[in-house]
Amino acid sequence: RWGAQAPVLIGMSASNLGPDHGRALDAGMREHLPKPLELERLARALRQWCPPRADALAPVADLVTPADAPALDPQRWQALAEYDDAHGNLRREIAGDFLTALAERASRLERAAAAGDAAALEEAAHGLRGAADNLGLSALGALCQQLETSAQQGRVDHAVLERLRAASEAAVQALNAALAALPRA
């Protein structure tokens, strides 16, 4: 009954299970975030559901992902290690898949931006963001979110696209260094 004037509700619980996510959305929440709360995920949710006002002090992304943040979040990399074997085979596989697909994902972004195709740009940025966030490539993920948000508004943010190119290169270097540091079988 409130329509567009309804307050934005973001749910949070200790569970990351699909049923909990679905129940939160069914209850009228726009987003569901699992604990432990990751600031980048909260920032993305806030950017998505609470567009910035003209009088805002600073963009959330600037507060959450500073320029000097590491390309690869060491805490996320370590969290993945908890599910890995002694030789890091899981992390090798996930990172290898990411690195193999990165060129095609970047190419999709570039083609969509060159064509001014906001819908394709949003989809490509969303896909790369998910893959980057899964590995802990927070700076890359945050830039993808910014690009996704601008595409949702029907525009191509070329400045963010340029920063995303540099973040992609930094992500590749960071992943290769992390993979090289894993124990050998």
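Residues numbered from 1 in each chain as written. Predicted model: local features only at pLDDT ≥ 70, side-chain atom pairs only at ≥ 80, totals over all residues. Heavy atoms only, no water.

Draft legend 1. Spatial organisation of the overall build of the chain. Broken down by element type, the chain carries eight helices and two strands. Each helix (α) and strand (β) of the chain, taken in turn from the N terminus, gives the series β-α-β-α-α-α-α-α-α-α. By the burial criterion, 35% of the 185 residues in the chain qualify as buried. Within the chain, contacts between residues at least 6 apart in sequence are counted, and of these 55% link residues at least 24 apart. Surface exposure of the chain reaches about 10,800 Å², of which carbon and sulfur atoms provide 56%. (Helix = DSSP H or I, 4+ residues; strand = E, 2+ residues; numbered from the N terminus. Buried < 20%, exposed > 50% of the residue type's maximum accessible area, 1.4 Å probe, protein only. Contact = heavy atoms within 4.5 Å. Areas by Shrake-Rupley, 256 points an atom, 1.4 Å probe, with all protein chains shown as cover.)

Draft legend 2. Quick look at helix α5 (residues 89-115). Here α5 contains 27 residues, and its C-alpha end-to-end distance of 39 Å stays within 8% of the 39 Å for a straight helix at 1.5 Å per residue. Of all bends in α5, the biggest is about 40°, found at leucine 102. Taken together, the buried positions of α5 are Arg91, Ala95, Phe98, Leu102, Leu109, Ala112 and Ala113. Taken from the residues just after α5, glycine 116 is the one with a positive phi, measuring 70°. (Expected span 1.5 Å × (residues − 1). Bend = angle between axes of the 7 residues up to and from the residue.)

Draft legend 3. Highlighting the pattern of salt bridges. For the structure on display, the rule yields eight salt bridges. Aspartate 133 serves as the salt-bridge partner of arginine 44, at 2.9 Å between the closest nitrogen and oxygen. Here aspartate 133 lies in helix α6 (residues 118-135) and arginine 44 lies in helix α2 (residues 39-49), a separation of 89 residues in the sequence. With relative accessibility at 9%, the residue arginine 44 sits in the buried group. If you follow the salt bridges from partner to partner, you end up with Glu104, Arg108 and Arg111 in one network. (Salt bridge = Lys/Arg side-chain N within 4 Å of Asp/Glu carboxyl O.)

Draft legend 4. Layout of the packing of helix α4 (residues 74-81) against α6. Look at α4 against α6: their axes get within 8 Å of each other, and the N-to-C directions meet at 75°. Considering the angle they form, α4 stands roughly perpendicular to α6. Facing Arg76, Trp77 and Leu80 of α4, the residues of α6 in contact are Asp133, Asn134 and Leu135. A breakdown of the residues in the contact of α4 with α6 according to their chemical character gives three nonpolar, one polar and two charged. (Axes fitted to C-alpha atoms, helices over the stretch in contact; angles between N-to-C directions. Parallel < 35°, antiparallel > 145°, perpendicular 65-115°, else oblique. Nonpolar A, V, L, I, M, F, W, Y, C, P; charged D, E, K, R; others polar.)

Draft legend 5. Examining the packing of α5 against helix α8 (residues 158-180) more closely. For the pair α5 and α8, the least separation of the axes is 11 Å and the interaxial angle reads 165°. On the basis of the axis angle, α5 is roughly antiparallel to α8. The way α5 lies across α8 gives a crossing that is left-handed. On the side of α5, the interface is formed by Arg91, Arg92, Ala95, Phe98, Leu99, Leu102, Leu109, Glu110 and Ala113, while α8 contributes His158, Leu161, Leu164, Arg165, Ser168, Val172, Leu175, Asn176 and Leu179. Taken together, the residues of the contact of α5 with α8 break down into eleven nonpolar, three polar and four charged. (Left-handed = near helix turned anticlockwise from the far one by under 90°.)

Draft legend 6. Quick peek at the nonpolar core. Trp77, Phe98, Leu137 and Leu140 are the most contacted members of the largest nonpolar core, which totals 34 residues. Considering each element in turn, this core owes the most residues, nine residues, to α8. In this view, phenylalanine 98 contacts Leu128, Ala131, Ala132, Leu135, Leu137, Leu140 and Leu175; residues no more than four positions away in its chain are not counted. (Core = buried A, V, L, I, M, F, W, Y, C linked by side-chain atoms within 4.5 Å.)

Geometric descriptors of this kind do not, in isolation, establish any biological role.
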